[in-house]
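Working through the structure, step by step
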Amino acid sequence: ETAAAFGNSPKVVCVGNPILQDFSTVDREAARTKLGIGKDQTLILSFGGSNGAEKVNEAVIDFMKSTVANDHKIIHLHASGKINYEDASKLFCEAGLDKAENCILRPYIYDMPWQMAAADVVIARAGAMTLSELALMKKTCVLIPSPNVAENHQYKNAKALADANAAILVEEKDLGEGELTKAVCSLLTNASRCREQEANIAAFAQEDACQRIWQDIVKLTNK
């Protein structure tokens, strides 16, 4: 869609984002076995970016308290971001989630390819790299675009996927209205919708991004 902003010039080439190889090679079942996720369990993975996001943390903890803590068939891992971890931990404990074994709070996720491969639903921001990873791994997702970015580009990213029924878009301003819980529950109770979103988001993946970039470099340098 961005090509239109440049007048669909032949100089515009869609190559996709080169990402870590593990995102394309880690197998879902192998990841679930390694992480100890049972066949009858649902894994929800959520994060707000490397530095975290206060409002996302609050909404996720509310969702954990209202929905996850009472359903042990669900495991929910949330990364709060290192900067916000202390505040998130306080909210987490105040909600009694430190006593819920199926609710896990971490400052950061160091094995993201394995966690994402194993996940059934992912809650995330809508940066380009995250969306490339989600598309490549064909993940059902709820996107909460950051409103604090240039030209509101994360919203535009998320809207493109939502319009293609490849993701659910929840704006940060609506988190206090319970929209996150509503969105995730709509996926947990509708397997066919999840499968449809997985197929649709896969259409956005560029598995050969590195090769496309290299081919264009060769073309431009005439070598």
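Below or above, wherever it landed, is the structure these notes cover.

Criteria and cut-off values
Within each chain, residues carry numbers counting from 1 in the order of the written sequence. Only residues with pLDDT of at least 70 get local features here, since the model is predicted, and only at 80 or more are side-chain atom pairs given and counted; chain-wide, interface and lining totals rely on the full set of residues. Remark: hydrogens and water are excluded; side-chain values derive from all non-hydrogen atoms of the structure. The term disulfide is used for any two cysteine sulfur atoms that are within 2.5 Å. Accessibility here uses a 1.4 Å probe with only protein chains present; expressed as a share of the type maximum, an area under 20% marks a residue as buried, one over 50% as exposed, and anything in between as partly exposed. Here the rule is simple: two strands pair whenever DSSP picks up at least two bridges between them. Per the convention used, a helix needs a DSSP run of H or I reaching at least four residues, while a strand needs a run of E reaching at least two, with both numbered from the N terminus. Residues are treated as being in contact if the distance between any of their heavy atoms lies within 4.5 Å. Lines fitted to C-alpha atoms define the axes, with helix axes restricted to the stretch in contact, and inter-axis angles between N-to-C directions lie between 0 and 180 degrees. Pairing of aromatic rings covers Phe, Tyr and Trp, the last counted by its six-membered ring, and requires centre-to-centre distances within 6.5 Å; plane angles under 30 degrees mean stacked, over 60 mean edge-to-face, and any other angle means tilted. Throughout this description, the term charge over a ring refers to an Arg CZ or Lys NZ atom that lies within 6 Å of the ring centre and within 35 degrees of the ring normal. Patches were defined on residues exceeding 30% relative accessible area and lacking a salt bridge, with like-charge contacts within 9 Å and nonpolar side-chain contacts (Val, Leu, Ile, Met, Phe, Trp, Tyr) within 5 Å. Only the protein chains shown count as cover for residues, and the accessible areas themselves come from Shrake-Rupley with a 1.4 Å probe. Salt bridge, as applied in this entry: a Lys or Arg side-chain nitrogen positioned within 4 Å of an Asp or Glu carboxyl oxygen.

Some details on the state of the cysteines
Summed over all chains, the structure comprises 0 disulfides. Its sulfur unpaired, Cys-14 is 14 Å from the next cysteine sulfur, which belongs to Cys-210. Taking the relative accessible area as the measure of exposure, Cys-14 reaches 56% and is therefore exposed. Free cysteine Cys-93: the closest other cysteine sulfur is in Cys-103, separated by 12 Å. Overall, Cys-93 belongs to the partly exposed group, its relative accessible area being 41%.

Details of the sheet that holds strand β2 (residues 74-79)
Ordered by their spatial adjacency, 6 strands build an open sheet running β3-β2-β1-β4-β5-β6, and the pairing between neighbours is parallel. Two strands in the sheet have a free side with no partner beyond their single neighbour: β3 (103-106) and β6 (168-169). Where strand β5 (residues 141-143) and β6 come together, 2 bridges link them in parallel fashion. When the sheet's bridge partners are listed, Val-142 is paired in β6 with Ile-168. This element, helix α3 (residues 54-68), spans β1 (42-47), β2 and β3 of the sheet and lies at about 165° to β2.

Observations regarding unusual backbone geometry
Within the chain, Lys-138 stands out as a residue other than glycine whose phi angle is a positive 55°. Its place among the elements puts Lys-138 in the loop between α6 (128-136) and β5. We note that Asn-152 has phi near 55°; this positive angle belongs to a residue other than glycine. Note on Asn-152: relative accessible area 34%, which makes it partly exposed.

Focus: the packing of aromatic side chains
Evaluation of the coordinates by the stated rule reveals 1 aromatic pair. Positioned above the aromatic ring of Trp-114 is the side chain of Lys-34, whose terminal nitrogen or guanidinium carbon lies 3.9 Å from the ring centre. Note that Lys-82 overlies the ring of Tyr-108, its terminal NZ or CZ placed 5.4 Å from the centroid.

Focus on a nonpolar patch on the surface
A cluster of nonpolar side chains, Ile-213, Trp-214 and Ile-217, forms an exposed patch at the surface whose accessible area comes to about 290 Å². Of note, Trp-214 is situated in helix α10 (residues 209-221).

Some thoughts on the pairing of β1
For β1, a buried count of 5 out of 6 residues is recorded, marking the element as mostly surrounded by other parts of the structure. Both β1 and β2 contribute to a ladder of 6 bridges, which runs parallel. Bridge pairing in β2 links Phe-47 to Ala-79. When β1 meets strand β4 (residues 121-124), the two strands line up parallel, connected through 3 bridges. Across the sheet, the residue bridging to Ser-46 is Ile-123, located in β4.

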